Amino acid sequence: LVVLSTTQRAASLRIVNSLGRFLPTRWVDITNDAVGHVAEGFGAFAKPRDVLLIVMDSLLLWGITIVSFAPLYWAFDLQEKTLVSLIVVRVMISVFITVLPTPAFLGSFSAGAIVALRDVMGEGVVAAAGFGVLVWALNTLLVFGAGLLMVILEGSPFRDLWWRSTQSEASRQSTTGEMAE
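Keep in mind the model is a prediction, meaning the values are calculated, not measured.

## Examining the overall build of the protein chain
Here's step 1: When helices and strands are counted, the protein chain shows eight helices and zero strands.
Here's step 2: Along the protein chain, from the amino end to the carboxyl end, the secondary structure elements read α-α-α-α-α-α-α-α.
Here's step 3: A buried classification covers 24% of the 181 residues belonging to the protein chain.
Here's step 4: Considering only contacts in the protein chain between residues 6 or more positions apart, those separated by 24 or more positions represent 43%.

## Points about the packing of helix H4 (residues 48-75) against helix H7 (residues 125-154)
Here's step 1: Contact geometry of H4 with H7 gives a least axis separation of 11 Å together with a crossing angle of 140°. Where H4 crosses over H7, the two elements pack in a sense that is right-handed. Contact residues: H4 offers Phe69, Leu72 and Tyr73, while H7 offers Phe131, Leu134, Val135 and Leu138.
Here's step 2: Residue classes in the contact of H4 with H7 are distributed as seven nonpolar, no polar and no charged.

## Observations regarding the packing of helix H5 (residues 83-99) against helix H6 (residues 106-120)
Here's step 1: Between H5 and H6, the least distance of the axes is 8 Å, while the angle of their chain directions is 140°. Classed by the angle they form, the pair H5 and H6 counts as oblique. H5 and H6 meet at a crossing whose hand is right-handed. Contacts from Val88, Val89, Met92, Ile93, Phe96 and Ile97 in H5 reach Ser108, Phe109, Ala111, Gly112, Ala113, Val115, Ala116, Leu117 and Val120 in H6.
Here's step 2: Classifying every residue of the contact of H5 with H6 by side-chain character gives 13 nonpolar, two polar and no charged.

## Considerations on the packing of aromatic side chains
What characterises a pair of aromatic rings is the spacing of the ring centres plus the angle enclosed by the ring planes.
Here's step 1: One pass over the full model with this rule turns up three aromatic pairs.
Here's step 2: Grouped by ring-pair contacts, the aromatic residues Phe69, Tyr73, Phe76 and Phe131 constitute a single cluster.
Here's step 3: A cation sits over an aromatic face here: Arg90 above Trp62, 5.7 Å from the ring centre.

## Quick notes on H5
Here's step 1: With 17 residues, H5 should reach 24 Å at 1.5 Å per residue; the first-to-last C-alpha distance of 24 Å fits that figure.
Here's step 2: When we look at burial in H5, the residues that qualify are Ser85, Leu86, Val89, Arg90, Met92, Ile93, Ser94, Phe96 and Ile97.
Here's step 3: In the core, the buried residues of H5 are packed alongside H4, H6 and H7.

How each quantity is defined
- Residues numbered from 1 in each chain as written.
- Predicted model: local features only at pLDDT ≥ 70, side-chain atom pairs only at ≥ 80, totals over all residues.
- Heavy atoms only, no water.
- Helix = DSSP H or I, 4+ residues; strand = E, 2+ residues; numbered from the N terminus.
- Buried < 20%, exposed > 50% of the residue type's maximum accessible area, 1.4 Å probe, protein only.
- Contact = heavy atoms within 4.5 Å.
- Axes fitted to C-alpha atoms, helices over the stretch in contact; angles between N-to-C directions.
- Left-handed = near helix turned anticlockwise from the far one by under 90°.
- Nonpolar A, V, L, I, M, F, W, Y, C, P; charged D, E, K, R; others polar.
- Parallel < 35°, antiparallel > 145°, perpendicular 65-115°, else oblique.
- Phe/Tyr/Trp six-rings, centres within 6.5 Å; stacked < 30°, edge-to-face > 60°.
- Lys NZ or Arg CZ within 6 Å of the ring centre and 35° of its normal.
- Expected span 1.5 Å × (residues − 1).

Listed below in structure tokens is the structure:
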């Protein structure tokens with residue numbers, strides 16, 4: 001239905017309407033809207049060039065993160081220093097941050113690394129936990145650095161960003177009746 005909704009929207013709406021004959025009209029309308037939004041969201045998949053760019057960007061991102069884990073294997077003196085091991089750790093961390101999102105993904109990164117390294121590869125729990133925390137810290141620094149770089153490249157002076165942040169805080173306090181300290 002997703003592929004059909006991106007390539008042939010009218011046909012997908014006919015299928016939804018035929019399946020929704022027994023449903024209330026409101027539900028069919030909501031479903032039609034959802035199919036329209038899905039078609040719009042997956043519209044990039046209708047263009048082969050865009051699909052190729054998405055796949056290439058994803059592979060590049062995964063490759064960079066997997067390669068960035070490699071030096072930590074030697075730092076923690078882990079037993080299995082293979083590409084498969086690196087991929088397993090990356091996949092487990094990705095699964096955990098998706099299934100169990102925590103603030104700043106701190107617990108999710110650690111849990112994914114512990115499960116991958118201790119339960120799957122038989123490493124010690126201390127090394128696995130330390131690896132997870134360090135990988136999280138490095139990832140957080142990378143995201144912060146990338147964000148900082150984008151602010152600089154956009155040419156936004158930091159005082160303007162600070163001013164906007166204090167203005168939004170002031171407007172939030174005035175609407176909730178909080179006193180500024």
